[in-house]
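Below are the chains, spelled out letter by letter.
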Protein chains: 2
Amino acid sequence: MEKPRVGLKDVARLAGVSVKTVSNVVNGYVHVTSATRSRVEAAIKELNYRPNLSARNLRQGRTGIIALAVPELDIPYFAELARLVVSAAEERGLTVLIDQTGASREREQLVAEGFRAHLIDGLIFSPLALTPEDLAARMDDTPMVLLGERVYDGPADHVVVDNVAAAKEATLHLAATGRRRIAAIGAQDDVAAETSRLRLAGYFEALAEVGLPADDRLVQHVDTYHRADGARAMARLLDCGQAPDAVFCFNDLLALGALRTLLERGHDVPGDVALAGFDDIEDGRYATPTLTTISPDKQAIARQAVDQLAARMAKGSQAEAREIRVPYELMIRESTGG
Amino acid sequence: MEKPRVGLKDVARLAGVSVKTVSNVVNGYVHVTSATRSRVEAAIKELNYRPNLSARNLRQGRTGIIALAVPELDIPYFAELARLVVSAAEERGLTVLIDQTGASREREQLVAEGFRAHLIDGLIFSPLALTPEDLAARMDDTPMVLLGERVYDGPADHVVVDNVAAAKEATLHLAATGRRRIAAIGAQDDVAAETSRLRLAGYFEALAEVGLPADDRLVQHVDTYHRADGARAMARLLDCGQAPDAVFCFNDLLALGALRTLLERGHDVPGDVALAGFDDIEDGRYATPTLTTISPDKQAIARQAVDQLAARMAKGSQAEAREIRVPYELMIRESTGG
């Protein structure tokens, strides 16, 4: 026996709000107070109401879904960011579909070119391997906000921290503690590895500023930014005969891998070698020693990205692209004597 | 100027496959070899083809999307699992929409009751707060596979490790290293906290088996399973006057928090206190000391969940519910003298 289909009107009556308000909650296009949203959701639940997405799609061309494309979910920085983006989107009634690109250029191209444009109203995208040319060639007009350093001067909004300045500040801090052989772990050969390039530039700027020579043997290249890469790079630095007295790692995972190698081989941190990372993941706050790091304001990154995307979705993609800078902070902890 | 709409036929011609094959790739319903899938995706990209989802929805009532609902993405166990589920789903051409419930019972009820049933073909769900009654009351007929210990004898498939046996094995291992005051961190007051209840049961079974008294002062309750909870619980154990000589923590994050407290206060691990966790997250493999832990086969959990969900989606929800057990392994590392 088929029950009569529950409609928007039934939900509105039970929740004591207008049909328009129910529609707003269901579609998630405008900001509804959370009290009202809760009331409507409770009514939806009680009546077991199902919005007819297909009909809505045809009528409005919208799904209420945005995509967040990140390289890897089990890199804690992206997991923390994903949590914050999901929360910020939720406040606007948007559902987040999370895409994992594996930092593959091919997957990232598919994402940029709107492979799922029929599903989503907008895209927050943290590319690792895309070239400026890839992005310039983008045909898809789904609103998109990029996370991470500006990769081209084209029409996409982007939310960034100043990687050069942050990396420079971390390196200057190591020099200020009296270190003279400051190594870097995290250089990458891939030309598209923009983050790595910028952090390396900041590292070299700091060395120049304090008059330390740039020594290529102290710059360690890695394939990816995982703990295992940091552990291996640190072993190479220790084995080269001229061990460093400090290491700036381009993310916290690399630093935690390096820390493991140092402690395993009986070196004292920070006594023998001081260590600094980048990202301020929770992991580093509970390591022993706790990890000195650059802390980007991840809450601001998530909120700005969602706000900017929502604005873009409302206004269309014609407005001029914006660069939104979010602050960062150097957190001095035990691994550099803090 | 409007370009003529690119259709399935154009993609099929360029890829050198049948229209049916293109349709299979786009809809992701059957297993297509990855070589064929790549060829079709390349053609889709080259032609900038957009499947018309709305029309497809109306015709077939399917979206090619499954949801994965987990409590929190920045708990590394769930992040690792999410990565594996996304990969396993991708091999079947399914897109995963990731839902974050925050372990709130209300959010979990919404998920179980199919709030987004219009969007998804199936649901993989790791509930933390739902009661058996909540699940028994579920009206939605979207195929669902539960992760984690069986919470009721109703019609849902579930993929589990044997939490009681695993917790018992970890505790027996601590006893086998000669420890006599073995504490537990991770008990929870919430009646719906099934994982906690089962791991506590395994802990008590082990104590009984080796003839150690169960001492309530050695059982620490926590609100959540984060590092901060573990750190505080360890501090309480040390402050109670009768410090333990071993601690079994109900997940690795709790153990890493406890480890930080122990090292910060100058205790040797495992010399003074041995530590064991649960989950085998990467974090614990790079801690110093490395963390002894129960390692559930996460790859098997992800694959079994996706396979079972796909089977359920194909066959409909009438077949009898299955319980699928996946193996686990005790990984003995430095924190217990391994």
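Residues numbered from 1 in each chain as written. Chains lettered and ligands numbered in written order. Predicted model: local features only at pLDDT ≥ 70, side-chain atom pairs only at ≥ 80, totals over all residues. Heavy atoms only, no water.

Structural notes on helix α3 (residues 34-47) of chain A
Residues and elements named next belong to chain A.
Here comes step 1: Helix length check: α3, at 14 residues, gives a terminal C-alpha distance of 20 Å against a target of 20 Å (1.5 Å per residue), a fit within 8%.
Here comes step 2: Turning to α3, its buried residues are Thr36, Arg37, Val40, Glu41, Ala43 and Ile44. In a view along the axis of α3, the buried residues occupy a sector of 160°, so they form one face of it. Of the exposed residues in α3, the ones pointing more than 90 degrees away from its buried face are Ser34, Ala35 and Glu46.
Here comes step 3: Positive phi appears at Asn48, one or two residues downstream of α3, with a value of about 55°. (Helix = DSSP H or I, 4+ residues; strand = E, 2+ residues; numbered from the N terminus. Expected span 1.5 Å × (residues − 1). Buried < 20%, exposed > 50% of the residue type's maximum accessible area, 1.4 Å probe, protein only. Arc of directions from axis to C-beta.)

With respect to the sheet that holds strand β6 (residues 182-187) of chain A
Residue and element names in this part refer to chain A.
Here comes step 1: Read across the sheet, 6 strands follow the order β7-β6-β8-β9-β10-β12 without closing on themselves; strand pairing throughout is mixed. On the outer flanks of this sheet lie β7 (219-221) and β12 (328-331), each paired with one strand and no other. For this sheet, the mean inter-axis angle between neighbouring strands, taken without regard to orientation, is 15°.
Here comes step 2: Judged from the 3 bridges that link them, strand β8 (residues 246-249) and strand β9 (residues 274-278) form a sheet pairing that is parallel. Within β9, the position partnered with Ala246 by the bridge is Ala274.
Here comes step 3: Along the sheet face, helix α11 (residues 252-264) touches β6, β8, β9 and β10 (292-296) and points at about 155° away from the line of β9. (Pairing = 2+ DSSP bridges. Axes fitted to C-alpha atoms, helices over the stretch in contact; angles between N-to-C directions. Contact = heavy atoms within 4.5 Å.)

Notes on the sheet that holds strand β6 (residues 182-187) of chain B
All names here are of chain B.
Here comes step 1: Spatially, β7-β6-β8-β9-β10-β12 is the arrangement adopted by the 6 strands of the open sheet, whose pairing is mixed. Only two strands of the sheet have a single partner each, and these edge strands are β7 (219-221) and β12 (328-331). Sheet twist, expressed as the mean angle between neighbouring strand axes with direction ignored, is 15°.
Here comes step 2: Across 3 bridges, β6 lies against β7 in parallel orientation. Note that in β7 the partner of Ala187 across the bridge is His221.

Regarding helix α9 (residues 194-210) of chain A
All names here are of chain A.
Here comes step 1: When the terminal C-alpha atoms of α9 are compared, their 25 Å separation across 17 residues agrees well with the 24 Å that a helix rising 1.5 Å per residue should span.
Here comes step 2: Within the sequence span of α9, burial applies to Glu194, Ser196, Leu198, Arg199, Leu200, Gly202, Tyr203, Ala206 and Leu207.
Here comes step 3: Looking one or two residues beyond α9, the residue adopting positive phi is Gly211, at roughly 75°.

Quick notes on the nonpolar core
Here comes step 1: Core analysis: the largest hydrophobic core is formed by 152 residues, its most contacted members being Ile185(A) and Ile185(B).
Here comes step 2: Ala112(A), Ala69(B), Leu130(B) and Ala156(B) belong to the second-largest nonpolar core, a separate cluster that totals 30 residues. (Core = buried A, V, L, I, M, F, W, Y, C linked by side-chain atoms within 4.5 Å.)

Observations concerning the packing of aromatic side chains
Here comes step 1: Per the counting criterion, the structure on display carries 6 aromatic pairs over all chains.
Here comes step 2: Both rings, one in Tyr77(B) and one in Phe78(B), keep their centres 5.4 Å apart while their planes meet at 75°; by these two values the pair is edge-to-face. Summarising the burial analysis for this pair, Tyr77(B) and Phe78(B) share the class buried.
Here comes step 3: Consider the rings of Tyr203(B) and Phe204(B), whose centres lie 5.2 Å apart with planes at 55°: the pair is tilted.
Here comes step 4: Classification of Phe204(B) by relative accessible area gives partly exposed; the value is 28%.
Here comes step 5: The residue whose ring lies beneath Arg199(A) is Phe278(A), and the NZ or CZ to ring-centre distance is 3.5 Å. (Phe/Tyr/Trp six-rings, centres within 6.5 Å; stacked < 30°, edge-to-face > 60°. Lys NZ or Arg CZ within 6 Å of the ring centre and 35° of its normal.)

Some words on the domain arrangement of chain A
Residue and element names in this part refer to chain A.
Here comes step 1: Splitting chain A by domain gives domain 1 (8-51), domain 2 (63-161 + 298-327) and domain 3 (163-296).
Here comes step 2: Computed from C-alpha atoms alone, the centre-to-centre distance between domain 2 and domain 3 is 28 Å.
Here comes step 3: Across the boundary between the two partners, domain 2 contributes 16 residues, which contact 14 residues of domain 3.
Here comes step 4: Between domain 2 and domain 3 the total buried area reaches about 1,200 Å² when both faces are included, carbon and sulfur atoms providing 58% of it.
Here comes step 5: Where domain 2 packs against domain 3, one counts 0 salt bridges.
Here comes step 6: Those elements that provide at least two residues to the side of domain 2 that touches domain 3 are α5 (76-91) and α13 (298-315).
Here comes step 7: It is α5 that contributes the most residues to the side of domain 2 that touches domain 3, 3 residues altogether.
Here comes step 8: Here the side of domain 2 that touches domain 3 is composed, by residue class, of 10 nonpolar, 1 polar and 5 charged. (Domains from an automatic or database assignment. Buried area = accessible area lost by both parts, 1.4 Å probe. Salt bridge = Lys/Arg side-chain N within 4 Å of Asp/Glu carboxyl O. Nonpolar A, V, L, I, M, F, W, Y, C, P; charged D, E, K, R; others polar.)

Side note on the packing of helix α10 (residues 227-239) of chain A against α11(A)
Residue and element names in this part refer to chain A.
Here comes step 1: With their axes 6 Å apart at the nearest point, α10 and α11 run at an angle of 50° to one another. In terms of their interaxial angle, α10 and α11 are classed as oblique. Crossing hand, α10 versus α11: right-handed. Here Arg227, Asp229, Gly230, Ala231, Met234, Ala235 and Leu238 of α10 lie close against α11, whose contacting residues are Leu253, Leu254, Gly257, Ala258, Thr261 and Leu262.
Here comes step 2: Grouping the amino acids of the contact of α10 with α11 by side-chain chemistry returns 8 nonpolar, 3 polar and 2 charged. (Parallel < 35°, antiparallel > 145°, perpendicular 65-115°, else oblique. Left-handed = near helix turned anticlockwise from the far one by under 90°.)

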